[in-house]
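# Secondary and tertiary structure notes
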Amino acid sequence: MAVTESAVAPVGSESEGARAGHEDERASARREYEGARSAHEGILRRQAARESAARTYARALPIVPVRARGLTIEGADGRRYLDCLSGAGTLALGHNHPVVLEAIRKVLDSGAPLHVLDLATPVKDAFTTELFRTLPPGLADRARVQFCGPAGTDAVEAAFKLVRAATGRTGMLAFTGAYHGMTAGALEASGGAGDVRVARLPYPQDYRCPFGIGGEHGAELAARWTESVLDDAKSGVPSPAGMILEPVQGEGGVIPAPDEWLRRMREITAARSIPLIADEVQTGVGRTGRFWAVEHSGVVPDVMVLSKAIGGSLPLAVVVYRDDLDVWQPGAHAGTFRGNQLAMAAGAATLAYVRQNGLAERAATLGARMLAHLHRLTEEFACVGDVRGRGLMIGIEMVNPEATRPPGATGPHPPAPSIATAVQRECLRRGLIVELGGRHAGVVRLLPPLTLTDEQADAVLDRLTDAIASVAAAAARGPEAVRHEAAVNPGRPPGG
């Protein structure tokens, strides 16, 4: 068959028809993008107009997620992001992991009831069995579990009620920098409390040690302070109902408790018959490199408060405690949605997957590699004050090296929340979602899923390092340059 001249385009050029087709495709793509962008912005506008002023993440992360898988989120505008917020640590396996989806579908397809209050079901039995299989041995052998309302803060409230009922005492011991939730009792025990009815104790840390020395000696002084408060008849602190602590403070700035100090807290409380409550809401299910963060120190608490990852991305919260504390009367603590069957199915699947696939050990190995990379940033950028964490719970504290300090002042530079905010914004522009925390919201936090691959970790580190370099360059030009960057680039990521 002969080929006509009109059917062949000259080498290196396009026929008019091909050019027109490509222009139509580009125009169609533009219209699709503009439509998606319009829908995206419309949803954000309506959210701002309708929702409470208390909303938080939505302010710093102006995205509209519509699809997600593993580490990746796709927004309504078609942009893709690497999610190192993971539902504030809820998504141990990332978004929509196949084992989680399969567990949920199995319950839905079975015709099982979705709402059962606290009745026994095969789904609940399977979840409880898997949960007990993961607990520290010294607790699992004699544990009881209380299913609470769907949030971790309710489990904290339940833990307080439990130890008060068991001891007949009312006071609580908590620590500086703590975060235990947003309900009244949990807030009282948190670092930002306004109306304090608990005794506050120093939480040891190296970078901003409350005693100005850090290390083992600083932790020892913190332990001695606790002993003094409890044993001094004139300390003003009566014998408490319990002590609550986080093995790694998350919202407080990603501060791991020294193992020896945590063992001292166990010794101090045990010697005085004070129940020790470990808040593992964010640190649990392999996040820190052990299945439960208390296992790093070998400590077995009397009570563990669990939520977030134990529901496999769905709402679930429990208190696990020693059987001799189980003095509650029926109905002493309850909650309409404490029997969330879908969350229990998703949670059991998540717990089993993390355990069977060694994801806690994987978090320890990969977290150490990421921390080693990030530690080098403290030498490269003056605004990176400290890098710390455990497993895949990582924090980078941003500081202001140019701040004026009193004559003779030593120690770390002042925290720089504006620089941390700028880093979060620059990360978002590069398609990376990170969290902020710390005493002054000056700590950039990473909580990636435990399924993070080596290649994904490299991509996260590359984008984060690039964002910090960009902000550091602006910070070197002065605070006005950082504010100018914020005004010019309010969080929209570049490119497609």
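Not measured: the values here are computed from a predicted model.

With that settled, consider the overall build of the chain. Along its length, the chain carries 16 helices and 17 strands. Within the span of the chain, comprising 496 residues, buried residues form 49% of the whole. Taking the contacts inside the chain whose residues are at least 6 apart along the sequence as the reference set, 71% of them involve residues at least 24 apart. Roughly 22500 Å² of accessible area belongs to the chain as shown, and the carbon and sulfur atoms make up 53% of that amount.

Here the focus is the packing of aromatic side chains. Going through the model one piece at a time under the given rule, you end up with six aromatic pairs. Members of the aromatic cluster, joined through ring pairs, are Phe175, Tyr203 and Trp261. One residue, Lys124, lies across the ring of Phe147, its end atom 4.8 Å from the ring centre.

Judged by side-chain polarity, Tyr179, Met182 and Leu187 come together as a nonpolar surface patch covering roughly 280 Å² of accessible area. For Tyr179, the position within the fold is in the loop between β5 (172-175) and α8 (184-188). With relative accessibility at 33%, the residue Tyr179 sits in the partly exposed group.

Our focus in this paragraph is the environment of Gln249. Examined against the element boundaries, Gln249 turns out to sit in strand β8 (residues 248-249). Exposure remark for Gln249: the relative accessible area of 1% places this residue in the buried category. Every residue in contact with Gln249, bar those within four places of it in the chain, is listed here: Phe175, Thr176, Gly177, Ala178, Tyr203, Val254, Ile255 and Arg439. Here the side chain of Gln249 touches Thr176 through a polar contact of 2.9 Å, landing on its backbone oxygen.

Spatial ordering of the open sheet is given by β13-β14-β17-β16, a layout of four strands whose pairing is antiparallel. At either end of the open sheet lies a strand with only one pairing partner, and these are β13 (384-390) and β16 (435-437). Between one strand axis and the next, the sheet turns through 25 degrees on average, direction left out of account. Its contacts with the sheet put helix α14 (residues 417-429) on β14 (393-398), β16 and β17 (443-446), and the angle it makes with β16 is roughly 170 degrees.

Time to look at the sheet that holds strand β15 (residues 432-433). With mixed pairing, the four strands of this open sheet are ordered in space as β1-β2-β3-β15. Only two strands of the sheet have a single neighbouring strand rather than two, namely β1 (65-69) and β15.

Within the chain, residue pLDDT values average 89, and 89% of them lie at 70 or more. Residue range residues 490-496 is modelled with pLDDT below 50. Its contacts to residues more than four positions away, or to other chains, number 16 contacts.

Before going further, it helps to spend a moment on the pattern of salt bridges. Summed over all chains, the structure comprises 29 salt bridges. Put simply, Asp77 and Arg79 hold a salt bridge, and the shortest N to O gap is 3.6 Å. A residue is classified by how much of its surface remains accessible, and Arg79, at 10% relative accessible area, is buried. Of the charged contacts, one joins Asp118 and Arg338 as a salt bridge, the two residues approaching to 3.3 Å between their closest N and O atoms. A residue pair is termed long-range when its members are at least 10 positions apart, and Asp118 in the loop between α4 (98-110) and α5 (122-134) and Arg338 in the loop between β12 (318-322) and α11 (341-356) qualify at 220 residues. Looking at Arg338, the relative accessible area reads 13%, which means it is buried. Within the structure, one salt-bridge network assembled from shared partners comprises Arg142, Arg266, Asp302, Arg322, Asp323 and Asp324.

Here the focus is unusual backbone geometry. Backbone geometry places Ser273, a non-glycine residue, at a positive phi of 55 degrees. Mapped onto the elements of the fold, Ser273 is located in the loop between α10 (259-271) and β10 (276-279). Using a relative accessible area of 55% as the deciding quantity, one classes Ser273 as exposed. Residue Val285 is not a glycine yet carries a positive backbone phi of 60 degrees. Locating Val285 in the fold gives a position in the loop between β10 and β11 (303-306). Exposure remark for Val285: the relative accessible area of 2% places this residue in the buried category.

Thresholds, definitions, all that
Residues numbered from 1 in each chain as written. Predicted model: local features only at pLDDT ≥ 70, side-chain atom pairs only at ≥ 80, totals over all residues. Heavy atoms only, no water. Helix = DSSP H or I, 4+ residues; strand = E, 2+ residues; numbered from the N terminus. Buried < 20%, exposed > 50% of the residue type's maximum accessible area, 1.4 Å probe, protein only. Contact = heavy atoms within 4.5 Å. Areas by Shrake-Rupley, 256 points an atom, 1.4 Å probe, with all protein chains shown as cover. Phe/Tyr/Trp six-rings, centres within 6.5 Å; stacked < 30°, edge-to-face > 60°. Lys NZ or Arg CZ within 6 Å of the ring centre and 35° of its normal. Patch = residues over 30% accessible without salt bridge, like charges linked within 9 Å, V, L, I, M, F, W, Y side chains within 5 Å. Salt bridge = Lys/Arg side-chain N within 4 Å of Asp/Glu carboxyl O. Polar contact = N/O pair within 3.5 Å; in protein donor to acceptor, adjacent residues only side chain to side chain. Pairing = 2+ DSSP bridges. Axes fitted to C-alpha atoms, helices over the stretch in contact; angles between N-to-C directions. pLDDT = per-residue confidence, 0-100.

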